[in-house]
Each structure stands twice: as structure tokens, then as C-alpha cells.
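So you can see what is in the structure, the chains are spelled out below.
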Amino acid sequence: MTKLSSYLKEKRIRQADFAEQVGVSQGVISRLANGASKPGLDLAVRIERATAGSVSASTWVSHQEETRSMEEVT
């Protein structure tokens, strides 16, 4: 279960309602909640704001991706 899925379940928020709040379709939220896809940075930030930080944008970045990004900077 993803953090987003847990958040929606805990707060008893329907995917369709949350999708409307962040400006995407229910299908997008379903794929994110099921871990089938990851949001772009813009959507990740909108999700973070809509959840008051409970699902942070960094939730969607794996440790491996963070490491790769840091290597690209150096």
C-alpha cells in the first residue's frame, strides 16, 4: 500500500474527490495509489499540498533515483 493509498483510506477520501482537488482524473490517482505509476514533480507537489504534507513530494523518489540524481550533480 502506498502512502497516498493509506492517506486516502485513513481520511476516508474517495479517489475521485481527491483527483478533482489536485486536477487529474480518478484513473491517475488510482495508478498512483496502487504504485503502478509515479507523478511528475508538479503533480507530486500538488499532492503534497493537498495532503498538508502527509504525502510529501519526496515520497515518489526512490533512494536509487536520489543517488543517481546526486551523482549527476557532482
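Data block above holds the structure.
The numbering scheme is per chain: residues are counted from 1 as the chain's sequence reads. Local features are withheld for residues below a pLDDT of 70 in this predicted model, meaning they are given only at 70 or higher, and side-chain atom pairs are given and counted only at 80 or more; totals for whole chains, interfaces and linings count all residues. Side-chain metrics rest on all non-hydrogen atoms present in the structure, leaving aside hydrogens and water.

K.L.:
Which residues make up helix α4 (residues 41-50), and what are the values?
P.N.:
Since there are 3.6 residues in each turn of an α-helix, residues three or four apart along the chain are aligned in direction. Listed as buried for α4 are Leu43, Ala44 and Ile47. All buried residues of α4 project into a common sector of 105° when viewed along the axis, lining one side. Away from its buried face, by an angle of more than 90 degrees, α4 presents the exposed residues Leu41, Asp42 and Arg49. Contacts are assigned to residue pairs that have any heavy atoms within 4.5 Å of one another. Per the convention used, a helix needs a DSSP run of H or I reaching at least four residues, while a strand needs a run of E reaching at least two, with both numbered from the N terminus. On its buried side, α4 packs onto α1 (3-11), α2 (15-22) and α3 (26-33). Backbone geometry just downstream of α4 places Ala52 in the positive-phi region, at approximately 50°. When a residue's accessible area, from a 1.4 Å probe over protein chains only, is under 20% of the maximum for its type it is buried; when over 50% it is exposed; and in between it is partly exposed. For this quantity, the arc is that covered by the directions from the helix axis to the C-beta atoms.

K.L.:
Could you give me a rundown of the pattern of salt bridges, with the residues and numbers involved?
P.N.:
By definition, a salt bridge exists where a carboxyl oxygen of Asp or Glu is found within 4 Å of a side-chain nitrogen of Lys or Arg. In this structure the tally under the stated criterion is two salt bridges. Residue Arg14 pairs with Asp17 through a salt bridge whose shortest N-O separation is 3.2 Å. When its relative accessible area of 53% is taken as the criterion, Arg14 is described as exposed. Assessed through its relative accessible area of 38%, Asp17 is described here as partly exposed. Across the pair Arg46 and Asp42 runs a salt bridge, and its minimum N-O distance is 2.3 Å. In this pair, Arg46 and Asp42 both sit in helix α4, four residues apart, roughly one turn of the helix. Residue classification places Arg46 among the partly exposed positions, given a relative accessible area of 27%.

Everything listed is a geometric property; what it means functionally is a separate question.
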